[in-house]
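Residues per chain, in single letters:
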Amino acid sequence: MAHKSAVRTDRAPAPFRGAPYSQAVRLGDLIFVSGQLPLDPGTGRMVGGTIQEQTERVFANLRAILEAAGSGLDRLVKTTVFLATLADFPGMNEVYRQHVGEVPPARSTVPVGGTFPDGALVEIEAIAHV
């Protein structure tokens, strides 16, 4: 089995409320990024009032973690997007399209019915290649 290691950067939020998970795990040439909420890494607070603003923050967090692991958004192979409501799909998709490049990753989008903490509208988890 390939070596498994945690990925950690101060440029993305620490695990939410001290929960026991890694920002990402590297296993061989793959990076598995935990779901990212629109949290500011400096304050740990939710940012953005619109789905577009929140999705931008989520992608900033994903980018920081992937770069810390030696990868990047252009190396995404799979994402899962969780939305508080499917009504936010068009706004999320508008921002998402700007960050995933010419060959977008495979993706699932799941409405979760507003179960996010602190007013979050979106969470994205990802798998990328190094």
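Here the structure is a predicted model, which is why all the values come from computation and not from measurement.

A. View of the overall build of the chain. For the chain, the count of helices and strands is 2 helices and 6 strands. The order of α-helices and β-strands along the chain, N terminus first, is β-β-β-α-β-α-β-β. Against the compact-globule benchmark of 14 Å for 130 residues, the chain has a radius of gyration of 14 Å, which places it among compact chains. Overall, the C-alpha framework of the chain stretches about 40 × 35 × 20 Å when taken along its three principal axes.

B. Spatial organisation of the packing of aromatic side chains. This structure, assessed with the given rule, holds 1 aromatic pair. Between Phe 59 and Tyr 96, the ring centres sit 5.6 Å apart and the planes meet at 75°, which makes this aromatic pair edge-to-face. Within this pair, whereas Phe 59 is found in helix H1 (residues 51-68), its partner Tyr 96 is found in helix H2 (residues 89-99), the two being separated by 37 residues in sequence. Each member of the pair, Phe 59 as well as Tyr 96, carries the same accessibility label: buried. A cation sits over an aromatic face here: Arg 107 above Tyr 96, 4.4 Å from the ring centre.

C. Representation of the pairing of strand S4 (residues 76-83) in the model. Extensive coverage of S4 is indicated by the burial of 6 of its 8 residues. In the sheet, S4 pairs with strand S6 (residues 122-129) via 7 bridges, with the strands oriented antiparallel. The residue of S6 that forms the bridge with Val 81 is Ile 124. Sheet analysis places S4 next to strand S5 (residues 106-111), joined by 6 bridges and oriented parallel.

D. Main features of the sheet that holds S5. Strand order in the open sheet formed by 6 strands is S1-S2-S3-S6-S4-S5, with mixed pairing between adjacent strands. If you trace the sheet from one side to the other, it starts and ends with strand S1 (4-7) and S5, each paired once. Within the sheet, the average angular offset between the axes of one strand and its neighbour, ignoring direction, is 15°. Here H2 sits on the sheet in contact with S4, S5 and S6, set at roughly 155° to S5.

E. Spatial organisation of the nonpolar core. In terms of nonpolar packing, the biggest core is built from 24 residues, with Val 33, Leu 62, Val 122 and Ile 124 touching the most fellow members. Elements that contribute at least two residues to this core include exactly strand S3 (30-36), H1, S4, H2 and S6. It is H1 that provides the largest number of residues to this core, a total of 7 residues. Excluding residues within four positions of it along the chain, Leu 62 makes contact with Val 33, Gln 36, Leu 73, Ile 124 and Ala 126. Counting residues in each nonpolar core, the second largest holds 8 residues, with Leu 37, Phe 82, Phe 116 and Ala 120 among its members.

F. Focus on the environment of Pro 104. In this structure, Pro 104 sits in the loop between H2 and S5. Note: C-alpha distance between Pro 104 and Arg 75 (29 residues apart in sequence) is 9.3 Å.

About the cut-offs
- Residues numbered from 1 in each chain as written.
- Predicted model: local features only at pLDDT ≥ 70, side-chain atom pairs only at ≥ 80, totals over all residues.
- Heavy atoms only, no water.
- Helix = DSSP H or I, 4+ residues; strand = E, 2+ residues; numbered from the N terminus.
- Rg over C-alpha atoms; globule rule 2.2 N^0.38 Å.
- Phe/Tyr/Trp six-rings, centres within 6.5 Å; stacked < 30°, edge-to-face > 60°.
- Buried < 20%, exposed > 50% of the residue type's maximum accessible area, 1.4 Å probe, protein only.
- Lys NZ or Arg CZ within 6 Å of the ring centre and 35° of its normal.
- Pairing = 2+ DSSP bridges.
- Axes fitted to C-alpha atoms, helices over the stretch in contact; angles between N-to-C directions.
- Contact = heavy atoms within 4.5 Å.
- Core = buried A, V, L, I, M, F, W, Y, C linked by side-chain atoms within 4.5 Å.

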